[in-house]
There are 2 protein chains.
Amino acid sequence: MTEQGYSVAVVGATGAVGQEMLKVLAERSFPVRELRPLASARSAGKHVEFKGRDYVVQELTDDSFAGVQVALFSAGGKVSEQFCPVAARAGAVCIDNTNAFRMDPAVPLVVPEVNAHVIPSHKGIIANPNCSTIQMVVVLKPLHDAARIRRVVVSTYQATSGAGKKAMDELFQQTTDLISGREHPPKVFPHRIAFNIIPQIDVFLENGYTKEEMKMVNETKKIMEDQSIRVTATTVRVPVFYGHSEAVNVETERKLSAAEARELLGKAPGVKVVDDPVNRRYPMPIDAAGQDDTLVGRIREDISIENGLNLWITADNIRKGAATNAVQIAEILVRENLL
Amino acid sequence: MTEQGYSVAVVGATGAVGQEMLKVLAERSFPVRELRPLASARSAGKHVEFKGRDYVVQELTDDSFAGVQVALFSAGGKVSEQFCPVAARAGAVCIDNTNAFRMDPAVPLVVPEVNAHVIPSHKGIIANPNCSTIQMVVVLKPLHDAARIRRVVVSTYQATSGAGKKAMDELFQQTTDLISGREHPPKVFPHRIAFNIIPQIDVFLENGYTKEEMKMVNETKKIMEDQSIRVTATTVRVPVFYGHSEAVNVETERKLSAAEARELLGKAPGVKVVDDPVNRRYPMPIDAAGQDDTLVGRIREDISIENGLNLWITADNIRKGAATNAVQIAEILVRENLL
């Protein structure tokens, strides 16, 4: 670290996640000496704000990374595929929020509360997991350590912000238009999202799962470093702006009572237990939005199997599910003198 | 049957389900000779429409059922507890949409496509199951017959209409107010429902499950006539007007391929397979609303266990989940000469 901090590039600075990255870097006082907001030619020239200062977004090119130490990428998989290696060759550590390198065995896939210890093994690129995976593994890790998770059945309730700014605009405009009696055909989503539920996120694969569902299956095993954990997922889009929720059913090797699970999760980093049903307190998107903790509640023993638990998990998908997790990784790089 | 049809009482005629019962009775040409719309003193005097004719709602009293042959109840559990026995003593067959008698061993709990054969055993009262249970068992029955279901893990996405007219009004008004920048504190729901997800339906029980969740557990076993089926449920309210959706994970004794399941469900009564992911076709609330079939799609083999299936089920909770199912039971009473 130079006395003044680091040179930080944010690729995709005008997007929903890029904007939040700038906010989180500022909020958490990440030592930024120089900020380099980058984007495709289409968005270059736009302005972004960081710590009260105005920045002009520069076009992303092969020469963008000279002198950059940390590059946060969130501009789509294709951009990362092309430019993460460029940034890494220029000497930066890329923290990539896309799907491009997550399952690459040479690339660490990191949720700091779960597997920060793999960070030093990076070769210039560190992958940030999928939003719906991050909030799930933060909660599952302490349960796995205590009782060994055998199987997970998860159904998600995912906010529109997961699909970007235009997706949120579509929910807003479509809702307004419907209330006003006007039609508003879908553009971002495959179907109407206002007052509807869409059981599809990302594209379908050969096995009938969506890509989003298989991310939850595969990334969970990689982050938890246990290929024996069996996962099945159904990922669903709901008419919410911020905050993904998940109904998670867990089967463990050793029996965990709800009370034990509650106690373990009460001590878990990054997790906030909100579990007081008598007073109608449980995690909800409106409470998770804007905060970095992952909320867990409705913790109860599964009455259908011997060693089972039901959990309800909610987190801000743009913060812990993307921007915050990436910045946390950058903070560890700083703290461990890895830049 | 008299030549002109039957005397039919609808208790709770001004409610969301009561209104739909009148609509479904008309649509399906149920032989109504005399219609008697009944409600509490508060709603008595209101007007309802049936087949283009206007009816004044009468106050429900002990004398309301003289001459009535079929009484459809949907005015809350307490009303049913008090007046179903009164109606039965007066000679009517009650088809009760509330929770009052569902788990009473002497009362048949009926989904016509699943267990119509228990109807003749009634002693004046037949229970209509919970909305979220009905649409699930219609789909599970043919799979159970073919491969024996061991365990079900279900997460629901339930529409506001399940909580009645005022609940739908709350979603509408709250959405409008939020878009207009006004606060709209919740009255019907425990929390804001607009652009939010609430993991609570009905009250909490000792075991951490809600009453709605335990209805799904217990009613499924009773309707499927198999106490060995293990069920765990998480029931969740979503900002949708009509149409409950369910992510259902099923473990069977015998292996069922997705193709076999699709074929079985393609022939199942009351079920419509909507399962063409390549063309983005799968069940959604906006498609289920207004129709009587239960839609099933996203049928795929569970990659986490040997004999598992994932299903996505959507139905109109006010129609098949309530009014239509009740009228179907009445139709069987007519067809089998049981009135």
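For the structure, see preceding data.
The paragraphs below set out a description of the structure included in this document. (Residues numbered from 1 in each chain as written. Chains lettered and ligands numbered in written order. Predicted model: local features only at pLDDT ≥ 70, side-chain atom pairs only at ≥ 80, totals over all residues. Heavy atoms only, no water.)

Some remarks on the overall build of chain A
Part 1: When helices and strands are tallied, chain A shows nine helices and 14 strands.
Part 2: With the C-alpha coordinates of chain A rotated into their principal frame, the extents come out at 60 × 55 × 40 Å.
Part 3: The 339 residues of chain A split such that 62% are buried.
Part 4: Residue pairs at least 24 apart in sequence account for 66% of intrachain contacts in chain A once pairs closer than 6 positions are excluded. (Helix = DSSP H or I, 4+ residues; strand = E, 2+ residues; numbered from the N terminus. Buried < 20%, exposed > 50% of the residue type's maximum accessible area, 1.4 Å probe, protein only. Contact = heavy atoms within 4.5 Å.)

Observations concerning the packing of aromatic side chains
Part 1: Under the definition given, this model contains 13 aromatic pairs over all chains.
Part 2: Consider the rings of Tyr282(A) and Phe204(B), whose centres lie 6.2 Å apart with planes at 40 degrees: the pair is tilted. With Tyr282(A) in the loop between strand S12 (271-273) and helix H8 (285-288) and Phe204(B) in the loop between helix H5 (165-179) and helix H6 (211-224), this residue pair bridges two chains.
Part 3: Accessibility expressed as a relative area gives 2% for Tyr282(A), which makes it buried.
Part 4: Judged by centre distance (5.0 Å) and plane angle (65 degrees), the rings of Tyr157(B) and Trp312(B) are edge-to-face. Pair noted here: Tyr157(B) is in strand S9 (residues 149-157) and Trp312(B) is in strand S14 (residues 308-315), with a separation of 155 residues, a long-range link.
Part 5: Members of the aromatic cluster, connected to one another through ring pairs, are Tyr157(A), Trp312(A), Tyr157(B) and Trp312(B).
Part 6: Geometry around Tyr209(B) places Arg300(A) over its ring, the cationic atom sitting 4.4 Å from the centre. (Phe/Tyr/Trp six-rings, centres within 6.5 Å; stacked < 30°, edge-to-face > 60°. Lys NZ or Arg CZ within 6 Å of the ring centre and 35° of its normal.)

Points about the side chain of Asn128(A)
All names here are of chain A.
Part 1: Topologically, asparagine 128 is positioned in the loop between strand S8 (125-127) and helix H4 (131-147).
Part 2: Look at asparagine 128 and you get buried, because its relative accessible area is 0%.
Part 3: Within the local environment of asparagine 128, its side chain forms a polar contact with the side chain of asparagine 97, the two groups lying 2.9 Å apart.
Part 4: In terms of polar contacts, asparagine 128 uses its side chain to reach the side chain of asparagine 325, at 2.6 Å.
Part 5: The residues touching asparagine 128, leaving out its near neighbours within four places in the chain, are Asp96, Asn97, Thr98, Arg102, Leu109, Val110, Ala322, Asn325, Ala326 and Ile329. (Polar contact = N/O pair within 3.5 Å; in protein donor to acceptor, adjacent residues only side chain to side chain.)

Let's talk about the interface of chain A and chain B
Part 1: Taken together, the contact between chain A and chain B spans 57 residues of the former and 57 residues of the latter.
Part 2: Counting the surface lost from both chain A and chain B, the interface buries some 4900 Å², and carbon and sulfur atoms represent 63% of this.
Part 3: Contact with chain B buries surface across chain A, with Phe195(A), Arg298(A) and Arg300(A) losing the most and accounting together for 13% of the total.
Part 4: Remark: the boundary between chain A and chain B carries six salt bridges. (Buried area = accessible area lost by both parts, 1.4 Å probe. Salt bridge = Lys/Arg side-chain N within 4 Å of Asp/Glu carboxyl O.)

With respect to the sheet that holds strand S7 (residues 93-96) of chain A
Residues and elements named next belong to chain A.
Part 1: Strand order in this open sheet of six strands is S5-S2-S1-S6-S7-S8, and the pairing throughout is parallel. A strand with exactly one partner marks an edge of an open sheet, and here the two such strands are strand S5 (58-59) and S8.
Part 2: Two elements, S7 and S8, share three bridges in a ladder whose sense is parallel. Bridge pairing links isoleucine 95 to isoleucine 126 in S8.
Part 3: Where helix H1 (residues 16-27) meets the sheet, its contacts fall on strand S1 (6-11), strand S2 (32-39) and strand S6 (70-73), and the angle it forms with S1 comes to roughly 155 degrees.
Part 4: Its contacts with the sheet put helix H9 (residues 319-335) on S1, S6, S7 and S8, and the angle it makes with S7 is roughly 155 degrees. (Pairing = 2+ DSSP bridges. Axes fitted to C-alpha atoms, helices over the stretch in contact; angles between N-to-C directions.)

Points about the relation of the copies chain A and chain B
These two copies of the chain differ by a rotation about an axis and a displacement along the same axis.
Part 1: Of the transformation placing chain A onto chain B, the axial shift is 0.0 Å and the rotation is 180 degrees, giving an RMSD of 0.0 Å. Each copy turns onto its partner about a two-fold axis.
Part 2: A symmetric contact is evident, with 100% of the interface residues of chain A recurring at the interface of chain B. (Least-squares fit on C-alpha atoms with pLDDT ≥ 70 in both.)

Topic: the side chain of Thr210(A)
Part 1: With respect to the helices, strands and loops of the structure, Thr210(A) is situated in the loop between helix H5 (165-179) and helix H6 (211-224).
Part 2: A distance of 3.3 Å separates the side chain of Thr210(A) from the backbone oxygen of Ile201(A), its partner in a polar contact.
Part 3: Apart from residues no more than four positions distant in its own chain, Thr210(A) is found in contact with Gln200(A), Ile201(A), Asp202(A), Val203(A), Phe204(A), Leu205(A), Thr235(A) and Arg298(B).

What about unusual backbone geometry?
Part 1: The residue Ser29(A) is not glycine, and still its phi comes out positive at about 50 degrees.
Part 2: Taking relative accessible area as the criterion, Ser29(A) reaches 53% and is therefore assigned exposed.
Part 3: Of note in this structure, Lys51(B) is not a glycine but carries a positive phi near 50 degrees.
Part 4: Summarising the element assignment, Lys51(B) is placed in the loop between strand S3 (47-50) and strand S4 (53-56).

A closer look at the sheet that holds strand S6 (residues 70-73) of chain B
Residues and elements named next belong to chain B.
Part 1: Read across the sheet, six strands follow the order S5-S2-S1-S6-S7-S8 without closing on themselves; strand pairing throughout is parallel. Across the chains shown, the open sheet's two edge strands, defined by having one partner strand only, are strand S5 (58-59) and strand S8 (125-127).
Part 2: Two elements, strand S1 (residues 6-11) and strand S2 (residues 32-39), share six bridges in a ladder whose sense is parallel. Looking at the pairing, valine 8 lines up with leucine 35 of S2.

Considering the pairing of strand S9 (residues 149-157) of chain A
All names here are of chain A.
Part 1: Most of S9 sits inside the fold, with eight of its nine residues counted as buried.
Part 2: Here S9 runs beside strand S11 (residues 244-252); their pairing, made up of eight bridges, is antiparallel. Bridged to valine 152 within S11 is valine 250.
Part 3: Bridge count between S9 and strand S10 (residues 230-234): five bridges; the pairing is parallel. By the bridge assignment, valine 152 is partnered in S10 with valine 231.

Quick notes on helix H2 (residues 77-89) of chain B
Residues and elements named next belong to chain B.
Part 1: Here H2 spans 18 Å end to end across 13 residues, near enough to the 18 Å set by a 1.5 Å rise per residue.
Part 2: Roughly 35 degrees is the biggest bend found in H2, and it falls at phenylalanine 83, with proline proline 85 one to four residues downstream.
Part 3: Considered for burial, the residues of H2 that qualify are Ser80, Phe83, Cys84, Val86 and Ala87.
Part 4: In this structure, the buried residues of H2 make contact with S6, strand S7 (93-96) and S8.
Part 5: The first or second residue beyond H2 is glycine 91, which carries a positive phi of 100 degrees. (Expected span 1.5 Å × (residues − 1). Bend = angle between axes of the 7 residues up to and from the residue.)

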